[in-house]
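The lines below spell out each chain.
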Amino acid sequence: MTEIPVIGATGSVGRHVVATLAEGGHGVRALVRNPATAALAGAVELFQGHLTRPESLEPALAGGVEAVHLM
């Protein structure tokens, strides 16, 4: 399964990207500020982080990925 991290996953566009990827059978790793309030559709793996803290991106990228969506 393709694992695709989506950075900005709870934004107005990112939320649709997450749903479309999950519906298409891709593994989605959603980088969100607050996993408790993310409320994303589909089977999505949540990772807490932010672009201003580059070290917080590492868990979402661990194990290799084939693509990244950055919004």
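Our subject is the structure that appears above.
About the cut-offs
- Residues numbered from 1 in each chain as written.
- Predicted model: local features only at pLDDT ≥ 70, side-chain atom pairs only at ≥ 80, totals over all residues.
- Heavy atoms only, no water.
- Patch = residues over 30% accessible without salt bridge, like charges linked within 9 Å, V, L, I, M, F, W, Y side chains within 5 Å.
- Areas by Shrake-Rupley, 256 points an atom, 1.4 Å probe, with all protein chains shown as cover.
- Salt bridge = Lys/Arg side-chain N within 4 Å of Asp/Glu carboxyl O.
- Helix = DSSP H or I, 4+ residues; strand = E, 2+ residues; numbered from the N terminus.
- Buried < 20%, exposed > 50% of the residue type's maximum accessible area, 1.4 Å probe, protein only.
- Polar contact = N/O pair within 3.5 Å; in protein donor to acceptor, adjacent residues only side chain to side chain.
- Contact = heavy atoms within 4.5 Å.
- Pairing = 2+ DSSP bridges.
- Axes fitted to C-alpha atoms, helices over the stretch in contact; angles between N-to-C directions.

1. Regarding a nonpolar patch on the surface
A cluster of nonpolar side chains, Leu51, Leu61, Val68 and Leu70, forms an exposed patch at the surface whose accessible area comes to about 340 Å². Mapped onto the elements of the fold, Leu51 is located in the loop between strand S3 (44-48) and helix H2 (58-61). Relative accessible area serves as the criterion here: at 45%, Leu51 is assigned to the partly exposed category.

2. Some details on the side chain of Ser56
Relative to the assigned elements, Ser56 resides in the loop between S3 and H2. A distance of 3.0 Å separates a polar side-chain atom of Ser56 from the backbone nitrogen of His50. In terms of polar contacts, Ser56 uses its side chain to reach the backbone carbonyl oxygen of Arg53, at 2.6 Å. Not counting residues within four places of it along the chain, the set of residues in contact with Ser56 comprises Leu31, Gln48, Gly49 and His50.

3. A word on the sheet that holds strand S4 (residues 69-70)
Read across the sheet, four strands follow the order S3-S2-S1-S4 without closing on themselves; strand pairing throughout is parallel. In the strand order of this sheet, the two ends are held by S3 and S4, each with one partner. Sheet topology places strand S2 (residues 27-32) next to S3; five bridges connect them, and they run parallel. Bridged to Val28 within S3 is Val44. Packed on one face of the sheet, helix H1 (residues 14-23) meets strand S1 (3-7), S2, S3 and S4 and runs near 170° to S1.

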